[in-house]
Amino acid sequence: MAERRSHLILVGLILAALVGVALLAIPGSPVHKKVTLGLDLQGGLEVVLKAKPPPNHKLTSSDLDRSVGVMRNRIDKLGVSEPIVTKQGKDEIVIELAGVHNIADAINIIGKTAQLELYDLETSLTGPSRSATNQPVPRSSIYALLAGVQSLTKSSQPSAWYLFDAKKKLFAGPKITRAQLLALAKVKALEKRHEGKIPKTFKLFAVPHNTVVVSCGPTEVACPGASGSVRSYYLFKHDPAHNVPQLTGQDLKLSGTRADVDPDTGLPEVLMHFTGKGGKEFQKVTQEEWARGKVRGEPQHFAIVLDREIKSFPQIDPNDSTLSSGIGGGNARITGLASAKEAKDLALVLQTGALPVSFTIAERTDVSATLGKDSLDQAKRAALFGLLVVAIFLLLLYRFLGLVAVIGLAIYAAFLYAAILIFNVTLTLPGFAGLILTIGVAADANVVVFERIKEEVRAGKSVRAAVNAGYAKGFHTILDANVVTAITAMVLFAVASAGVKGFALMLLIGTVISLVTAVAATRAMLGLLAGFRWFDNPRFMGAHGQQSARWLQIDFMRRRYLWFAISAVIIVVGAASLGTRGLNLGIDFEGGTQVTFKTRQPQPIGDVRSQVAEIGKAGSIVQGKGKRFGAESYESYQIRMRSLTRPEQAKLTNDLRDRLGAYAEGTKNVSASFGRQIARSAVIAIIFSLFLVVLYIAVRFDLKFAIPVILAMVHDVVVCVGVYSLTGREVTTSTVAAVLTVLGYSIYDTIIIFDRIRENIGIMRRHSFATIANTSLWETIRRSLATTFITLLPVASLLAFGGATLKDFAFALLVGIVSGAYSSIFIAAPLLTIWKEREPEYAGRRRAELAFGDGSAEAVLEEAEAAAAAEPAPEFLAPEPAADRPTAASRDAKRERRRQRRRARPHGRAR
């Protein structure tokens, strides 16, 4: 009665949760939310940033590469999923963002230079900014600051140039050279209707050599020497050759910098943590300031300047003797911030490092999805059809249990949908890959338990007792497999970026939810039904007859070198193809050409994609730009494709004009969107996750179980990459997501089999390890084949009904899942057997079994079933009725049959 009550409570909670999911999904409800789609599915905002190098610095390709990496880090920390950051031309970076709520803030943070400088204030102020008594002298304008120092600029090279109008207001600048300033001023003069000429009343001022203009805004708590809420300007020395400024952002540890709250005042602040070298320099400067202040009898200050603006200038009190040796410990803080948001934004910029050059916004516009609505509709149809086929397969294979599994999958889908809404997950094609894998994981959890239930029924137990035993024995198997998969997902999410992070998040959420629905939801439903008489019928759930077909009961371990040879041939052929043909890397990896064009009237994006494919540019990324007309029509488009030569560009322009009546606006070279940083972070994440997987398996199983798991995963990736090279299919970011899916599937499937081997080790105490491994495979091969088939159904649906992009994606999944299933059975288990048979105990068992043992499939399975049936039920299960327990007579009869079979065979027969 208590057990039934707990099941009723659980079912009630699940129904209540489903009502909550419905409220989230129903438009008009107070908690309604919509799924956030990524750039590849819904489009977003495109921002073009133009680089502005600092004085006397020539812009290099490495400057842009580093800027791309810093911007990617900032976007990831903002919580924007699946950004696209690419170089364009020689001095531009293009950023595409999806799901951004505050566009202005995002752009401000992404493009912020974050040039952090720390000055000894009193010694760094120079010229008109320093009084005779070494006090700061603020100026109310740059004009007033520079007017008195122009005589100093005639004999040396100025640091920068400014142009002021007749009213002494800044008209243009700063610029590195006079020519650059005048060129900019002419453009501005033309805009302001000065006919492109600079009036004679305008004044040109230069900044003296090795000095910079630093301001202090009216929003700051205080500015040196200033009073009131006004912007002040100062002239600072800037001579890195003579250690001015004394410290920069390069002296900070990015990981130790964070936003905080001052415990004394309750005001926001930013804590900074210096490197070893930076900490020593900070202590040296503050010690010098304390000594100087002691002599002068007044506090000295340390100015913290960000992007040439003073944020705070904490004082060093000469009366505090604890500061006589300077401030050690390598820590400092920025105070005087206006709000917690400013502190958080400042910490974010400092955490990700400084941009080597500054950027201005050259262009911003809306762009359409890279895949388009047609691809999204195809994906939806393929997914729904795949789920329908999965449901039919489960019903045919498991009868009533299949119906329970289908209901469990429906609950899983509802909870997963709710999680996507609640956690504001940006759903993209890589995330869709994780979704497909979790569908297979969720279905497999039910398959594991149902196969256990059928085994228990065949062993003579009642259906009710079999349900209890099936869940008890299957739970640990499911838990191990899900934990290993979750470890991989968490590490990928924590370390990786871009599409890899989206895949990992979907895999993590789906794995957790599948564990809950498979173990809790279906268990509660079967627990409620177990009390009905009609439910206690083995035929009702397909549990009658033999466990598996005889053709599956082959000696896997005896043929292990055959399996190794098959894999070796595939790997060698793939390696040879990689060495000769390489991989067909797409624009995501190698960059290419971007062509922008306009049509005479709005054109549906689907028609434009078709025309682009017909002129030989299939696989190119076609996006609409700017204003949208109707559902999916634009006047302006851009195409990203493989790098084109000048003749190819001319031909493309002519083809676009002939077919679409379009005229090209410009052609630019773009960099790879899947940069080295993303690839490096993905590899680091995979290596670290493998380390954690090895650690977990070593604790839960044995260290010798971990190595075959890793080798099987490596096998699957190598096979997948080799097949891609052989077929010549294009490798894109979607291919990377598919390979990651393969890793997750391979781990999951192998752990399921290894868990059964671990269980049988304790049951089959007299058999060789090869027999134990064979028996485990015989007992789990139906589950492995069923799970592989279930996972392949939605993938095959994508391959059949998806567009060109989806078909390439599905092909990678298809190859990887088949390879993962093969390696779990034919690679991982035989490798484990080879390793374990070297142990003295198993080596002795093998010799004895070869001489006297009974290694037939039927005899071994009967013995294993009898040993398992004789095991006591776990304490938390309801006791099995006496009538359902195997009797002593039935066990004796089984033993007698085995003895007779042994007598019928000659001794010494090898298996």
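The residue numbering used here restarts from 1 in each chain and proceeds along that chain's sequence as written. The predicted nature of this model means local features are confined to residues of pLDDT at least 70 and side-chain atom pairs, given and counted, to a pLDDT of 80 or more, with totals for whole chains, interfaces and linings taken over all residues. Each side-chain value is derived from all of the structure's non-hydrogen atoms; neither hydrogens nor water enter the calculation.

Trainee: In this structure, what is going on with the nonpolar core? I would like to understand it.
Mentor: One recurring pattern in soluble globular proteins: nonpolar side chains tend to sit buried together. Core analysis: the largest hydrophobic core is formed by 111 residues, its most contacted members being Phe450, Ile453, Phe556, Phe754 and Ile757. Ranked by residue count, the leading element in this core is helix H11 (residues 400-422), at 14 residues. Contacts between residues were defined by any pair of non-hydrogen atoms, one from each residue, lying within 4.5 Å. Those residues in contact with Ile757, other than ones at most four positions away along the chain, are Phe705, Phe769, Ile772, Ala773, Ser776 and Leu832. Only buried residues count toward a nonpolar core, which is a set of Ala, Val, Leu, Ile, Met, Phe, Trp, Tyr and Cys residues joined through side-chain atoms within 4.5 Å. Throughout, exposure labels follow a simple rule: accessible area from a 1.4 Å probe, protein chains only, divided by the maximum for the residue type, with under 20% read as buried, over 50% as exposed, and the rest as partly exposed. A run of H or I in DSSP becomes a helix once it reaches four residues, and a run of E becomes a strand once it reaches two; helices and strands are each numbered from the N terminus.

Trainee: Where do I start with the state of the cysteines in this structure?
Mentor: For the purposes of this analysis, a disulfide is any pair of cysteine sulfur atoms at a distance within 2.5 Å. In this structure the tally under the stated criterion is one disulfide. Each sulfur of the disulfide joining Cys216 and Cys223 lies 2.0 Å from the other. Since a negative S-S torsion denotes a left-handed disulfide, the Cys216-Cys223 link at about -85 degrees is left-handed. Residue classification places Cys216 among the buried residues on the basis of a relative accessible area of 0%.

Trainee: What is the right way to read the sheet that holds strand S17 (residues 331-334) from this model?
Mentor: Pairing between the strands of a sheet comes from backbone hydrogen bonds, and it takes one of two forms, parallel or antiparallel. Pairing between strands is defined by DSSP: at least two bridges between them are needed. Spatially, S12-S13-S17 is the arrangement adopted by the three strands of the open sheet, whose pairing is antiparallel. Of all the strands in the sheet, the pair left with one neighbour each is strand S12 (258-261) and S17. Across the sheet, the mean angle separating the axes of adjacent strands is 35 degrees when strand polarity is ignored. Only the stretch in contact is used when a helix axis is fitted, and all axes are lines through C-alpha atoms; the angle between N-to-C directions ranges over 0 to 180 degrees.

Trainee: What is the right way to look at the side chain of Arg756 in this model?
Mentor: As for its placement among the helices and strands, Arg756 is situated in helix H21 (residues 733-763). Whenever two N or O atoms come within 3.5 Å, that pair is a polar contact, provided that in protein one can donate a hydrogen and the other can accept it, and provided that, for residues adjacent in sequence, both atoms are side-chain atoms. A polar contact is formed between the side chain of Arg756 and the side chain of Glu779, at a distance of 2.9 Å. In this structure, Arg756 is in contact with Arg452, Glu455, Ser776, Glu779 and Thr780, ignoring residues within four places of it in sequence.

Trainee: Got a minute to help me understand the sheet that holds strand S6 (residues 160-164) in this structure?
Mentor: The strand order across the open sheet built from three strands is S7-S6-S8, with neighbouring strands paired in antiparallel fashion. The two strands at the open ends of the sheet, each matched to only one other strand, are strand S7 (170-175) and strand S8 (203-207). Averaged over all adjacent pairs, the angle separating strand axes in this sheet is 15 degrees, with direction ignored. Judged from the three bridges that link them, S6 and S7 form a sheet pairing that is antiparallel. Residue pairing in the sheet places Trp161 in a bridge with Lys175 of S7.

Trainee: Help me out: how do you make sense of the packing of aromatic side chains in this one?
Mentor: The description of an aromatic ring pair uses the distance of the two centres, along with the angle that the planes make with each other. Two aromatic rings from Phe, Tyr or Trp, using only the six-membered ring of Trp, form a pair when their centres are within 6.5 Å; if the ring planes differ by under 30 degrees the pair is stacked, by over 60 it is edge-to-face, and anything between is tilted. One pass over the full model with this rule turns up 20 aromatic pairs. Ring geometry for Phe705 against Phe754: centres 5.5 Å apart, planes inclined by 85 degrees, an arrangement best described as edge-to-face. You can see Phe705 sitting in helix H20 (residues 703-727) and its partner Phe754 sitting in helix H21, a full 49 residues away along the chain. An aromatic cluster of three or more residues is present, and its members are Tyr143, Tyr162, Phe164 and Phe205. Over a ring means this: the NZ of a Lys or the CZ of an Arg is within 6 Å of the ring centre and within 35 degrees of the ring normal. The ring of Phe811 has Arg729 lying over it, and the distance from NZ or CZ to the ring centre is 4.1 Å. Here the basic side chain of Arg758 rests over the ring of Phe701, its NZ or CZ set 4.2 Å away from the ring centre.

Trainee: Explanation requested: the environment of Pro830 in the structure shown.
Mentor: Along the chain, the position of Pro830 falls in helix H23 (residues 804-836). For Pro830, a relative accessible area of 0% gives the class buried. C-alpha of Pro830 to C-alpha of Phe556: the two residues are 274 residues apart in sequence and 7.8 Å apart in space. Look past the residues within four positions of Pro830 in its chain and what remains in contact with it is Met557, Arg560, Trp563, Phe564 and Ile825.

Trainee: What's the story with the pattern of salt bridges in this structure? I'm lost.
Mentor: If the charged atoms of two oppositely charged side chains come close together, the side chains can form a pair. The working definition used for a salt bridge is a side-chain nitrogen of Lys or Arg within 4 Å of a carboxyl oxygen of Asp or Glu. Scanning the model with the defined rule gives 13 salt bridges in all. The shortest N-O distance in the salt bridge between Arg756 and Glu779 comes to 2.9 Å. Residue Arg756 is located in helix H21, and its partner Glu779 is located in helix H22 (residues 769-801); the two are separated by 23 residues in the primary sequence. For Arg756, a relative accessible area of 6% corresponds to the buried category. Glu779 sits in the buried class, given a relative accessible area of 9%.

Trainee: What is the right way to read the packing of helix H15 (residues 560-580) against H20 from this model?
Mentor: Any two packed helices are characterised by how steeply their axes cross, that is the angle between the axes, and by the distance between the axes. Contact pair H15 / H20: the axes reach a minimum separation of 8 Å and the direction vectors enclose 50 degrees. For the element pair H15 / H20, the angle class is oblique. Between H15 and H20 lies a crossing whose hand is left-handed. Within the contact between the two elements, H15 uses Ser567, Ile570, Ile571, Val573, Gly574, Ser577 and Leu578 and H20 uses His715, Val718, Val719, Val721, Gly722, Ser725 and Leu726. Grouping the amino acids of the contact of H15 with H20 by side-chain chemistry returns eight nonpolar, six polar and no charged. Each angle gets one of four labels, with under 35 degrees taken as roughly parallel, over 145 as roughly antiparallel, 65 to 115 as roughly perpendicular, and the rest as oblique. Whether a crossing is left-handed or right-handed is set by the direction in which the near helix is turned from the far one by less than a right angle, anticlockwise for left-handed and clockwise for right-handed. Only Asp, Glu, Lys and Arg are considered charged in this grouping, and only Ala, Val, Leu, Ile, Met, Phe, Trp, Tyr, Cys and Pro are considered nonpolar; every other residue, Gly among them, is considered polar.

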